[in-house]
Amino acid sequence: MLLNISRHVNAVFIVLVALFFFLIPGLTVIHDLSDPNLRSAGIPQSAWQLHRALSPKFEQWARARLGSQRAVALTTQDISGTEWPLFGSVF
Amino acid sequence: MAEMLVTAWPLPDGTRLLPRLFSNAADAPYLGEAGILYNLTRRPAPGVILHTGGSLPLFVLVVLAVQLGLGLLLLTGSIRSLRHWRKHRASLIIARPQWQFGLWLGLWLAGLVCLGLGKFSVALLFFVGAQLFPRYEGKPVPPEAAPKS
């Protein structure tokens with residue numbers, strides 16, 4: 001029965017959503033909060049993980065942004081278009 | 001610091017969900033995550049004595065409870081719904097099953113195409129829409145089998 005397939009696929013999808021958006025993030029936060037570097041002068045492990053995840057995406061976005069010449073067409077009143085990209089890059 | 005970590009909502013692929021959503025998707029999509037990374041890597045100046053906060057704030061515990069609670073609700077709800085379907089499949093009334101399956105399949109294919117094009121949020125909408133199928137209802141209970149009040 002075809003609908004049997006759809007019912008099972010739907011159930012698997014919900015299980016994956018629960019794991020991806022709720023359970024794994026919750027457990028990740030608990031793990032991050034137990035990092036002793038949060039209570040000392042060290043850099044927490046979550047910062048290194050975020051750096052590894054963010055840097056390639058940021059580089060790709062920055063190259064595309066420069067290549068697009070989008071900023072040339074924006075006015076100085078466009079705060080989010082002209083200042084926010086700079087803030088993110090400075091951080 | 002704990003509030004920042006819990007509200008960042010870290011997904012398994014490394015994305016921090018809430019900072020990403022609150023950044024400017026068109027001009028600065030990674031601003032929020034870059035700001036968090038900046039904060040996490042600032043160290044106190046040499047000689048500064050650290051005063052840690054002690055126990056976790058209530059806010060952190062509440063957000064964690066909501067996060068894990070919603071996840072468990074979804075998980076158990078999905079398993080219970082599937083068990084109900086398997087147990088009562090024969091007694092369920094399903095209108096136009098081929099049409100329903102076609103619609104369901106169409107929504108899934110549209111979602112997969114959007115996923116392939118990098119439109120994650122649109123894909124998610126199609127996948128959530130597919131959850132509406134199959135629509136069915138239980139067979140009416142004969143009067144003699146209905147519970148007497």
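Predicted model only: the values in this text are computed from it and were never measured.

Thresholds applied
- Residues numbered from 1 in each chain as written.
- Chains lettered and ligands numbered in written order.
- Predicted model: local features only at pLDDT ≥ 70, side-chain atom pairs only at ≥ 80, totals over all residues.
- Heavy atoms only, no water.
- Helix = DSSP H or I, 4+ residues; strand = E, 2+ residues; numbered from the N terminus.
- Rg over C-alpha atoms; globule rule 2.2 N^0.38 Å.
- Buried < 20%, exposed > 50% of the residue type's maximum accessible area, 1.4 Å probe, protein only.
- Contact = heavy atoms within 4.5 Å.
- Areas by Shrake-Rupley, 256 points an atom, 1.4 Å probe, with all protein chains shown as cover.
- Core = buried A, V, L, I, M, F, W, Y, C linked by side-chain atoms within 4.5 Å.
- Phe/Tyr/Trp six-rings, centres within 6.5 Å; stacked < 30°, edge-to-face > 60°.
- Buried area = accessible area lost by both parts, 1.4 Å probe.
- Salt bridge = Lys/Arg side-chain N within 4 Å of Asp/Glu carboxyl O.

1. Some points on the overall build of chain B
So, step 1. For chain B, the helix and strand inventory stands at 6 helices and 2 strands.
So, step 2. Taken over C-alpha atoms, the radius of gyration comes to 24 Å for chain B, far larger than the 15 Å a tight globule of 149 residues would show.
So, step 3. Going through the 149 residues of chain B one by one, you find that 33% of them count as buried.
So, step 4. Across chain B, contacts joining residues at least 24 apart in sequence account for 50% of those joining residues at least 6 apart.
So, step 5. In the form shown here, chain B has an accessible surface area of approximately 9,700 Å², with 67% of it arising from carbon and sulfur atoms.

2. Structural notes on the nonpolar core
So, step 1. Counting 22 residues, the largest nonpolar core has Phe13 of chain A together with Trp85, Trp104 and Trp108 of chain B as its most contacted members.
So, step 2. Looking at this core, the elements with two or more residues in it are helix 1 (2-33) of chain A together with helix 4 (58-88), helix 5 (97-116) and helix 6 (120-130) of chain B.
So, step 3. A per-element tally of this core places helix 1 of chain A first, with 7 residues.
So, step 4. Beyond its immediate sequence surroundings of up to four residues, Trp104 of chain B is in contact with Ser6, Val9 and Asn10 of chain A together with Ala130 and Phe133 of chain B.
So, step 5. By size, the runner-up hydrophobic cluster in this structure holds 21 residues, among which are Leu33 and Leu54 of chain A together with Val6 and Ile36 of chain B.

3. Describing the packing of aromatic side chains
So, step 1. Counting across every chain of the model gives 10 aromatic pairs over all chains.
So, step 2. Between Trp108 of chain B and Phe127 of chain B the ring centres are 4.4 Å apart and the planes differ by 35 degrees, which places this aromatic pair in the tilted class. With Trp108 of chain B in helix 5 and Phe127 of chain B in helix 6, this pair connects stretches of sequence that are 19 residues apart. Both residues of the pair, Trp108 of chain B and Phe127 of chain B, belong to the buried class.
So, step 3. Site record: aromatic cluster; members linked through ring pairs are Phe13 of chain A together with Phe101, Trp104, Trp108 and Phe127 of chain B.

4. Side note on the interface of chain B and chain A
It is common to report an interface's size as the accessible area lost on association of the parts.
So, step 1. Between chain B and chain A, the contact holds 65 residues from the first and 55 residues from the second.
So, step 2. Its largest share of buried area at the contact with chain A, chain B owes to Asp27, Tyr30 and Phe101 of chain B, together 12% of the area lost on that side.
So, step 3. Inspection of the chain B/chain A interface yields 2 salt bridges.
So, step 4. Residue Asp27 of chain B pairs with Arg70 of chain A through a salt bridge whose shortest N-O separation is 2.7 Å.
So, step 5. Put simply, the parts of the chain that give the side of chain B that touches chain A at least two residues each are helix 1 (2-7), helix 2 (17-22), helix 3 (31-41), helix 4, helix 5 and helix 6 of chain B.
So, step 6. Among the elements that make up the side of chain B that touches chain A, the one with the highest residue count is helix 4 of chain B (14 residues).

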